[in-house]
Amino acid sequence: MILPFTIFHMIIVLIISPPLASAQDQIIVARDGCNSTCGYVYIPFPFGMNRPHCYAHKWFEIECKSDKNSSHIPKPYLKSLNLEVTNFHPYSSMVEIKNPVYRSNCHKNKISSHSSKTVTLTDSPFIYSQAENTFLAVGCNSLAFLQSNGTTVGGCVSICDDNNSSNFNFNIGRDGCNGRYCCKTSLPSHLSEFNATIRGLSEHNSDGCGYALIASSYSLRLDSPIMSNYETEEKLKELKNKEYVPALLEWEILNDMLINSTFQLPPDCYDSNVTSLSNRNTGKQCRCSSWQQDDDFDSPYLDGEYYGNPYIAGGCKDTDTVPKYYFHKNNRWKKWVIVGISSSLGSIGFLIGLLFLYKVLKRRMIKKRKEKFFKRNGGLLLQKRMSSGEVNVDRTTLFTLKNLKKATDNFNKDRVLGKGGQGTVYKGMLVDGKIVAVKRFKVEGNVEEFINEFIILSQINNRNVVKLLGCCLETEIPLLVYEFIPNGNLFEYLHDQNEDIPMTWDIRLRIACEVGGALFYLHSVASQPIYHRDVKSTNILLDEKYRAKLADFGASRIISIEATHLTTMVQGTFGYLDPEYFYTSQFTEKSDVYSFGVVLAELLTGKKPISSTKISGESQNLASYFVQCIEENMLFDIMDKRVTKGGEKEHITAVANLAFRCLEINGRKRPTMKEVTLELEGIRGFNKNLNAQQNDEEIEFSGIEQCQPWDGFSASNSLPIMSSQTHSEVMHILAI
């Protein structure tokens, strides 16, 4: 049955299909009368050269010029930004540029250093794509900082443990670029300016040449499961001698470009906010409406194989290829087959047989693909852990890809809630009307973080931990489904001055109690201790009542009850990382306590964990600065005005003293999360009593000493001991 079908299909393709080249010739790339090529690169509208008619705006003007130092073949440059372009992707609104590599201590290298050059896209319609690029640093015992607008917005640390590292004789092993010889991290959202600096871990520590860069994840492919350790090492050595690397910029047609413009966008264009985080409609992006993925067949080949320019009228063309003949429901070969065989009644039965065989083969291929994805995404391991009782099956669901596509409108860009190092989170609505958050992991084939987060969250039942609803393993990239948390994260409300909710002292104290209680639950109440390993304000979500929900357990680990620490590669976020863990690679429950201490300092001061000083512009660590201010009796000099305005100094001082103890360099001197939570609940209990007494003028205030003037108030003042009644209430709360 298969052989006749294949031969018949090939004959139909050869007879009725137009040559691929002629189909491509019909695609409209540029506007009438405009050049569409520069050297070997096609220049699609809204980009253009020479005449204003050929491009949408000055930002999209291309200058075609030769580089005399390399060859006489002309190359396209974004004229306003003086950036060389190597490729255009109008169907995804991306442009590939040559991005500089930043070096340090590479004096013997012939390639020039770019430490003084800053790539600036400010006020342009371009930004670095967060989803498609990676910040990478290579070197030994060095810190690489990603900087934008004079502020450190990211970075990573790279350490070495042998004597050959300075000559780039790597021995990466199976860890990849996760802190040993090299490190990488995701980009912040809406990055429009880029610079990088590299420093040793100490002033006298210099272990040879180091370099940092932003490059497209596809061009690096360091995490690809098909790349061997040797290939990864060779890739890093190649980067050492490169002056530029490919990076992807995302763009949009800004709204002010359309005012008094001579061109009109096609009707399939939609609103976008590529260049702004706060404004939901800053411009337009376009796509070919004919590009639709088959609901019954999840194929990346079909996703990417379409041609045309959606930014110009008539630019979208339906170019048929052999794979599309095979799988697409509405391809022209069916119409031609029907016309060809309808002249004979006997051919009708033959056609029915072909259609039946087509559906059988299609179902079989879909089934095999789903089985392959299920195995590759750790499905067998997950089933084994489910059967062993590690995963609570009653609280999790295996969702189908079809249902999640429907819930997220086929993972529409408009449904994106956020992007991070692990992947992209989409808002979705299930068939029963329930709103959910769907996390689509970023790296294909690397499923350790996915399996780890699924297993940990399936065992947790705490009201202040984000709830896992289920997962989907039958697609190329695994998916996790969570409860939807509508009000963003704590970082946004503390540092972006969001006026939707005033971050009063009462609210901050309640959030601190809720997060502390969640960590106490993980450390001491769960069936096995769980170390979160990435406690920070961006991982604290706020629900519809602004209650705290601890999230992002990709780096978390379950340990045995007898264990006292976890020895692992250093991993975490700058500003929150326990210094003792950084130097010993031993993560303990007190490491989570340190990170929580930084969150308490954020709540008290309203300052970011890493910020730049106004005078010198150097990076400032909040934890060190907070401890220094307390030791110098300058606590209230750095307090957030919203805290001092609404809180009693005794309560504020008590929380500050608690944060001070959490930030002890020696982990043994830090309190446990149980002790932290008890103290916070005690302070909150006194705060509630005080508010109630202030609202009732007839009740005298007797539980706390009379308020002293702010001037000269010492950070050493402490809160009175809690009453037995308050203590019992706290223990009741912790038991929930």
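Counting from 1, residues in each chain are numbered in the order their sequence is written. Side-chain atom pairs in this predicted model are given and counted only at pLDDT of 80 or more, local residue features only at pLDDT of at least 70, and totals for whole chains, interfaces and linings cover all residues. The side-chain figures draw on all heavy atoms in the structure; neither hydrogens nor water molecules are used.

Chemist: Describe in detail the overall build of the protein, supporting the description with residues and values.
Modeler: Across its full length, the protein holds 20 helices and 37 strands. Burial analysis of the protein (736 residues in total) assigns 48% to the buried set. For this analysis, residues touch if any pair of their heavy atoms sits within 4.5 Å. Considering only contacts in the protein between residues 6 or more positions apart, those separated by 24 or more positions represent 65%. For the protein, the computed accessible surface area is about 36,700 Å², with 50% contributed by carbon and sulfur atoms. Strands are runs of DSSP state E lasting at least two residues, helices are runs of H or I lasting at least four, and both sets are numbered from the N terminus onward. Buried residues are those whose accessible area, probed at 1.4 Å on protein chains only, stays under 20% of the maximum for their type, while exposed residues exceed 50% and partly exposed ones sit between those limits. Note that accessible areas follow from Shrake-Rupley with a 1.4 Å probe, and for residues the cover is restricted to the protein chains shown.

Chemist: Explain the side chain of Ser158 to me, using residue names and the numbers behind them.
Modeler: As for its placement among the helices and strands, Ser158 is situated in strand E13 (residues 151-158). On the accessibility criterion, Ser158 (1% relative accessible area) is buried. If sequence neighbours within four positions are ignored, Ser158 has contacts with Gly139, Cys140, Asn141, Ser142, Gly179, Arg180, Tyr181, Cys182 and Cys183.

Chemist: Go over the packing of helix H13 (residues 505-525) against helix H15 (residues 589-605), please, and point to the residues and values.
Modeler: Helix-helix packing is described using two parameters, namely the angle between the two axes and the distance between the axes. Orientation of H13 relative to H15, taken along the N-to-C sense of each, is 175 degrees, at an axis distance of 11 Å. Here H15 runs roughly antiparallel to H13, going by the angle between their axes. Packed against H13, whose contacting residues are Trp505, Arg508, Ala512, Val515, Gly516, Leu519 and His523, the element H15 presents Glu589, Asp592, Phe596, Leu600, Glu602, Leu603 and Leu604 at the interface. Residues are sorted three ways: Asp, Glu, Lys and Arg are charged, Ala, Val, Leu, Ile, Met, Phe, Trp, Tyr, Cys and Pro are nonpolar, and all the rest, Gly among them, are polar. Its residues assigned to classes, the contact of H13 with H15 comprises eight nonpolar, two polar and four charged. Axes here refer to lines fitted to C-alpha atoms; in helices the fit is confined to the stretch in contact. Angles between the N-to-C directions go from 0 to 180 degrees. Put simply, angles under 35 degrees are roughly parallel, angles over 145 are roughly antiparallel, angles from 65 to 115 are roughly perpendicular, and the rest are oblique.

Chemist: Summarise the sheet that holds strand E18 (residues 244-251); cite the residues concerned and give the values.
Modeler: For two strands to be treated as a pair, DSSP must find no fewer than two bridges joining them. Spatially, the seven strands line up as an open sheet ordered E3-E4-E5-E6-E7-E18-E10, and their pairing is mixed. With partners counted over all chains shown, the strands left at the sheet margins are strand E3 (48-49) and strand E10 (126-128), one partner each. Where strand E5 (residues 74-78) and strand E6 (residues 83-89) come together, two bridges link them in antiparallel fashion. Paired with Leu78 across the bridge in E6 is Leu83.

Chemist: Describe the pairing of strand E7 (residues 94-100), and please don't skip the residues or the numbers.
Modeler: For E7, a buried count of five out of seven residues is recorded, marking the element as mostly surrounded by other parts of the structure. Here four bridges tie E6 to E7, and the two strands are oriented antiparallel to one another. For Val85, the partnering residue across the bridge sits in E7 and is Ile97. The turn linking E6 back onto E7 is made up of four residues, and Ser93 within it adopts a positive phi angle of 55 degrees. Pairing between E7 and E18: seven bridges, direction antiparallel. In the strand pairing of E18, Lys98 is matched with Pro246.

Chemist: Got a sec to walk through the packing of aromatic side chains? Specific residues and values, please.
Modeler: Only Phe, Tyr and Trp rings are paired, with Trp represented by its six-membered ring, and only when their centres lie within 6.5 Å; those with planes under 30 degrees apart are stacked, over 60 edge-to-face, the remainder tilted. Going through the model one piece at a time under the given rule, you end up with 15 aromatic pairs. Ring geometry for Phe60 versus Phe126: centroids 5.6 Å apart, planes at 55 degrees, classification tilted. Highlighted residues: Phe60 in the loop between E3 and strand E4 (61-66) and Phe126 in strand E10, separated in sequence by 66 residues. Phe126 carries the same exposure label as Phe60, and that label is buried. Members of the aromatic cluster, connected to one another through ring pairs, are Phe47, Phe60, Phe88, Phe126, Trp251 and Tyr311. Whether a charge lies above a ring is judged from NZ of Lys or CZ of Arg, which has to be within 6 Å of the ring centre and within 35 degrees of the ring normal. Across from the ring centre of Tyr77, 4.5 Å away, lies the NZ or CZ of Lys65, which sits over that ring.

Chemist: Mind laying out the sheet that holds E13, listing which residues take part and the relevant values?
Modeler: Here we have four strands laid out as an open sheet, ordered E9-E16-E12-E13, and antiparallel in their pairing. Of all strands in the sheet, those bounded by a partner on one side alone are strand E9 (119-120) and E13. Two strands pair when backbone bridges link them, and strand E12 (residues 142-148) and E13 are joined in this way by seven bridges, in the antiparallel orientation. The residue of E13 that forms the bridge with Phe145 is Gly155.

Chemist: Could you give an account of the packing of helix H16 (residues 622-631) against helix H18 (residues 649-662), naming the residues involved and the relevant values?
Modeler: Where H16 contacts H18, the axes come no closer than 10 Å and their chain directions differ by 120 degrees. With respect to each other, H16 and H18 are oriented oblique. Our pair here, H16 against H18, has a crossing hand that is left-handed. Contacts from Phe626, Val627, Ile630 and Glu631 of H16 reach H18 at Ala656, Ala659 and Phe660. Residue composition of the contact of H16 with H18, by class: six nonpolar, no polar and one charged. Left-handed describes a crossing whose near helix is turned anticlockwise from the far helix through less than a right angle; right-handed describes the clockwise counterpart.

Chemist: Can you lay out the state of the cysteines for me, pointing to particular residues and giving the numbers?
Modeler: By disulfide we mean two sulfur atoms from cysteines, separated by a distance within 2.5 Å. Summed over all chains, the structure comprises six disulfides. Shown here is the disulfide that connects Cys38 with Cys64, its sulfur atoms set 2.0 Å apart. Its S-S torsion of about 95 degrees marks the bond between Cys38 and Cys64 as right-handed, since a negative value means left-handed. Taken together, the positions of Cys38 in strand E1 (residues 37-38) and Cys64 in strand E4 put the pair 26 residues apart, joining distant regions of the chain.

Chemist: Talk me through unusual backbone geometry; I want residue IDs and the actual numbers.
Modeler: Each neighbour pair has its own omega, and for Phe45 with Pro46 the value is 15 degrees, a cis peptide bond. Residue position: Pro46 is located in the loop between strand E2 (41-42) and E3. Even without being a glycine, Asp409 presents a positive backbone phi close to 55 degrees. Within the secondary structure, Asp409 sits in the loop between helix H10 (401-407) and strand E25 (416-419).

Chemist: Before we move on, could you go through H16 and cite the residues and values that matter?
Modeler: Along H16, the residues classified as buried are Leu622, Ala623, Phe626, Val627, Cys629 and Ile630. All buried residues of H16 project into a common sector of 160 degrees when viewed along the axis, lining one side. The elements touched by buried residues of H16 are H15, strand E37 (619-621) and H18. Asn633 lies just past H16 and shows a positive phi near 60 degrees. It is the directions from the helix axis to the C-beta atoms whose arc is reported.

Chemist: Give me the pattern of salt bridges: which residues, what numbers.
Modeler: The working definition used for a salt bridge is a side-chain nitrogen of Lys or Arg within 4 Å of a carboxyl oxygen of Asp or Glu. For the structure on display, the rule yields 15 salt bridges. Here Lys98 and Glu84 are joined by a salt bridge, their closest N and O atoms 3.6 Å apart. Within this pair, whereas Lys98 is found in strand E7, its partner Glu84 is found in strand E6, the two being separated by 14 residues in sequence. You can call Lys98 partly exposed: its relative accessible area is 29%.

Chemist: Describe in detail the environment of Lys75, supporting the description with residues and values.
Modeler: Checked against the element boundaries, Lys75 lands in strand E5. Residue classification places Lys75 among the buried positions, given a relative accessible area of 19%. Residues Lys75 and Ile62 lie 13 residues apart in sequence; the distance between their C-alpha atoms is 9.6 Å.

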